Amino acid sequence: MKNAEIALHFDELADLYELDGAVVYRVQAYRNAAKAIREAGVSVAELSAQGRAEELPGVGKTIAEKIAALLETGEIPAAAKLKAKFPPGLVEVTRVPGLGPKRARKLFEELGVDSLDKLREAAETQQIRTVPGFGPKAEENILTALAAGADGRERERLLLSKALEIGEAIVAALREHPAADKVELAGSARRWAETCKDLDVVATATDARALAEAFARLPLIGEASVSGEAGARGVTHQGVAVDLRIVPPENWGNLLQHFTGSARHNEALRTEAVRRGFHVSEYGVTDPEGITHACATEEEVYRLLGMDWIPPELREDRGELEAAREGRLPQLVRLEDLRGDLHCHTTASDGRNTIAEMALAARERGYEYLAITDHSASHGFGNDVQPDELRRHIEAVRATEVEGLTLLAGSEVNILPDGSLDYDDDLLAELDWVVASVHTSFRIGAAEMTKRIVAAMEHPLVDAIGHPTGRLIGRRDPYDVDVEALVEAAARTGTFLEINGNPNRRDLSEVYARLAAEAGARLVIDSDAHGTDTLANVRYGVATARRAWLTAADVANTLQWPELSRARKRGRSSAGRRS
DNA sequence: GCCGTTTTCGGCCCGACTGTTTTCAGTCG
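Asks: How should I be thinking about the protein's contact with DNA strand B in this particular structure?
Replies: DNA strand B sits among 35 residues. The nearest are G60, G98, G100, G135 and K137. A share of 76% is what sugar and phosphate atoms reach among the atoms of DNA strand B within 4 Å of the protein. N141 is positioned such that a nitrogen or oxygen atom in its side chain is 3.3 Å from a phosphate oxygen of DNA strand B. The side chain of R270 places a nitrogen or oxygen atom 2.9 Å from a base oxygen of DNA strand B.

Here it is, written out as structure tokens:
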């Protein structure tokens, strides 16, 4: 059973315990455990089999036993018991805005509401108001929520690239307003998370009301409501919720820190602060002497708590607080550390620009090198490049000269189901750079898929594995593959693992990229650009790398090309021949 | 249920908002 699936069982159990009226801390304990399981780089099933599940943060004896039971029998006994007690539709009812576990349970007990349909019916027939603690307003709110399509289902999260497109436009527009002082995107977008639920914008202003009103009038914003001095809420025409909070300059640091989150980071930060006699809120940091410090910068907030400033990408409660206290936060890789891009396409396959256009755009970005890696012989949709075509393509790459840029003739070669590649070794040997990827037969099972990709890594001419798990965020799960085995093989063979910067992919994910680096594998961050305009997608790859705690030393394309070329396995074997 | 340079027991982040209450519980971010 995969980590994600185990985590779902514990999230479900937390929901059930919550309905059952368990103390909130117990419910929270199960949610914490679910997070730890989901974010574990290693297989929790294997960990459990070795009796080591308690090594996960937030997993103690009880939860370790429940993991073992789940793996053995396919269910957690406690969950099965609670499921017999509460109808399956009840959890959905708890997700309706304004209702929670307590209120949903009350409606279940008093009116037999055990589904969204029953809830709607009860509200329409004015039954809700007969329950103590509920009134006409509650009925109205329930009907509004159900009509708005909230329907208890979680609203689809927004891909970061879309969120940033909107968020950056709003921030830029607000910065132009004469009343604006500081304006920043906060929340999950500032942390460069994979997806965002909504957008948070934090600002200081000389005239808060004027800025809030200007926000409400932005062409991007459909509906908006201004709430006095504090800010405004709006919804874009695409339906994205945006919160603007305007704060006094002396509290800028407290509020930016608070609204950047994550919720768990803040919770852990505050828990730790309380233990040491401090008190932290969005209004300031109160020290053990009872003096409240307003912080104009985030650095002050963290400094008062005895920590280094923590880059937003790390604020996920994954060990950053301890590292910040001990002064051992990593020097995270930056976009400007990248010296080249090793995965892009041209019109030879499914790209939109020519070799020369891509090369010029790469130089424009300040790169020292660019690998042209069009698809290979077995690629479908009319985008295949047959061997003869590739030979001509290599010549074309070599004939293209752009001053200051080393242009590399490469290919993104398909890894066939049996692990072989779809060009002959002789032809591969003519290439400067080979990235091998899976583009077909995704559902062959974990053992086969792992064997397939490891076989490609063992090929002496494969430099990197492209988008190693094949996931598409929110649309397609990673294929069934043993990532730990891939990481081990990458470290052993000296094959680089890609962090693909396409915002739909970001593959390897942050969890696996961290695992890979810890296991001694090297990574490359690529754009997988299909046009000059998407070379910039490396920023999402860099974000994933930063969220994986990677430094420049973990990322091979921070090296100059000659160094990088020597650092790869091909370089090692040819160096061996020379000596 | 978890966890420990204040604790192996007694804690567990913080504040705003809402609707329903006569002082606050539940929900939300």
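Asks: Please clarify how the packing of aromatic side chains should be interpreted in this entry.
Replies: Aromatic rings in a pair are described by how distant their centres are and how their planes are angled relative to each other. Taken as a whole, this structure holds 8 aromatic pairs when the rule is applied. For the ring pair W433 and F496, a centre distance of 6.2 Å and an interplane angle of 20° mean the geometry is stacked. Of this pair, W433 sits in strand β14 (residues 433–437) while F496 sits in strand β16 (residues 496–500), and the two are 63 residues apart along the sequence. As far as the burial class goes, W433 and F496 line up, both buried. Through pairs of rings, three or more aromatic residues link up here, namely Y369, W433, F496 and W561.

Asks: Would you explain the pairing of strand β17 (residues 523–526) in this entry?
Replies: Regular strands show a simple pattern: their side chains alternate between the two faces of the sheet. Of the two faces of β17, both are covered, the one formed by L523 and I525 as well as the one formed by V524 and D526. Alignment of β16 against β17, held across 4 bridges, turns out to be parallel. Residue I499 lies in a different strand from β17, and its bridge partner there is I525. With helix α22 (residues 510–518) bridging β16 and its parallel neighbour β17, the resulting β-α-β unit is right-handed.

Asks: Would you take a moment to explain the sheet that holds strand β12 (residues 369–375) for this structure?
Replies: Strand pairing in a sheet relies on backbone hydrogen bonds. The paired strands run either parallel or antiparallel. Strand order across the open sheet formed by 7 strands is β11-β12-β13-β14-β15-β16-β17, with parallel pairing between neighbours. At either margin of the open sheet sits one strand with a lone partner, and together these are β11 (340–341) and β17. Strand contacts of helix α17 (residues 355–364): β12 and β13 (406–414), with the helix running at about 145° to β12, the strand carrying the most contacts.

Asks: Would you explain the nonpolar core in this entry?
Replies: Considering soluble globular proteins, one finds that nonpolar side chains tend to be buried as a cluster. Residues L370, I453, M457, I465, L497, L523 and L550 are the most contacted members of the largest nonpolar core, which totals 63 residues. Excluding residues that lie within four positions of it along the chain, M457 makes contacts with I465, L486, A489, A490, T493, T495, L497 and K569.

Asks: Help me out: how do you make sense of the sheet that holds strand β6 (residues 231–236) in this one?
Replies: One open sheet holds the 5 strands; their spatial order is β2-β4-β7-β6-β5, and the pairing between them is mixed. The sheet is open, and its two borders are formed by β2 (180–186) and β5 (221–227), each paired with just one other strand. Looking at each pair of strands side by side, their axes are set apart by 20° on average, direction ignored. Note: strand β4 (residues 199–205) against strand β7 (residues 241–246), 5 bridges, orientation parallel. Across the sheet, A203 pairs through a bridge with I246, a residue of β7. Lying on the sheet, helix α13 (residues 252–260) is in contact with β2, β4 and β7; it crosses β2 at an angle near 25°.

Asks: Looking at this structure, I do not really get the environment of Q257. What am I missing?
Replies: Position of Q257 among the secondary structure elements: in helix α13. Taking relative accessible area as the criterion, Q257 reaches 2% and is therefore assigned buried. Taking the C-alpha atoms as reference points, Q257 and L71, 186 residues apart in sequence, are found 40 Å from one another. Those residues in contact with Q257 that sit more than four places away from it in its chain are H265, N266, L269, E298, V301, Y302 and R315. Within the structure, the side chain of Q257 is placed 3.0 Å from the side chain of N266, a separation counted as a polar contact.

Asks: Help me understand a nonpolar patch on the surface in this model?
Replies: A cluster of nonpolar side chains, contributed by V23, V24 and Y25, occupies part of the molecular surface with about 370 Å² of accessible area. Within the fold, Y25 resides in helix α2 (residues 24–39). Accessibility expressed as a relative area gives 69% for Y25, which makes it exposed.

Rules used in this analysis
Numbering of residues starts from 1 in each chain and follows the order in which that chain's sequence is written. Ligands are numbered from 1 and chains lettered from A, in the order in which they are written. Reporting in this predicted model follows two pLDDT cut-offs: at least 70 for local features of residues, and 80 or more for side-chain atom pairs to be given and counted; totals over whole chains, interfaces and linings ignore these cut-offs and use all residues. The basis for the side-chain values is all heavy atoms of the structure; hydrogens and waters are excluded. Summary of the distance rule: residues count as near a molecule or strand when at least one heavy atom falls within 4 Å of that molecule or strand. Counted as a polar contact is a pair of N or O atoms within 3.5 Å, where, for protein atoms, one must be capable of donating a hydrogen and the other of accepting one, and residues adjacent in sequence contribute only when both atoms are in side chains. Two rings belonging to Phe, Tyr or Trp (six-membered ring only in the last case) form a pair when the distance between their centres is within 6.5 Å. Interplanar angles under 30 degrees mark stacking, angles over 60 mark edge-to-face geometry, and anything in between is tilted. Secondary structure elements follow DSSP: runs of H or I of four or more residues count as helices, runs of E of two or more count as strands, with numbering from the N terminus. For each residue, the accessible area found with a 1.4 Å probe, counting protein chains only, is set against the maximum for its type, and the residue is called buried under 20%, exposed over 50%, and partly exposed in between. Two strands form a pair only when DSSP identifies at least two bridges running between them. When the strands point away from the viewer, a crossover counts as right-handed if the route from the first strand across the helix to the second turns clockwise. A contact between two residues is defined here by any heavy atoms of the two lying within 4.5 Å. Axis definition: a line fitted to C-alpha atoms, limited for helices to the stretch in contact. Angles are taken between N-to-C directions and run from 0 to 180 degrees. We define the nonpolar core as a collection of buried residues of types Ala, Val, Leu, Ile, Met, Phe, Trp, Tyr and Cys that are connected through side-chain atoms lying within 4.5 Å of one another. To count toward a patch, a residue needs a relative accessible area above 30% and no salt bridge. Like charges then connect within 9 Å, nonpolar side chains (Val, Leu, Ile, Met, Phe, Trp, Tyr) within 5 Å. Here the open area of atoms and residues is found with the Shrake-Rupley method and a 1.4 Å probe, where only the protein chains shown may cover a residue. Just to be clear on terms, a salt bridge is a Lys or Arg side-chain nitrogen sitting within 4 Å of an Asp or Glu carboxyl oxygen.

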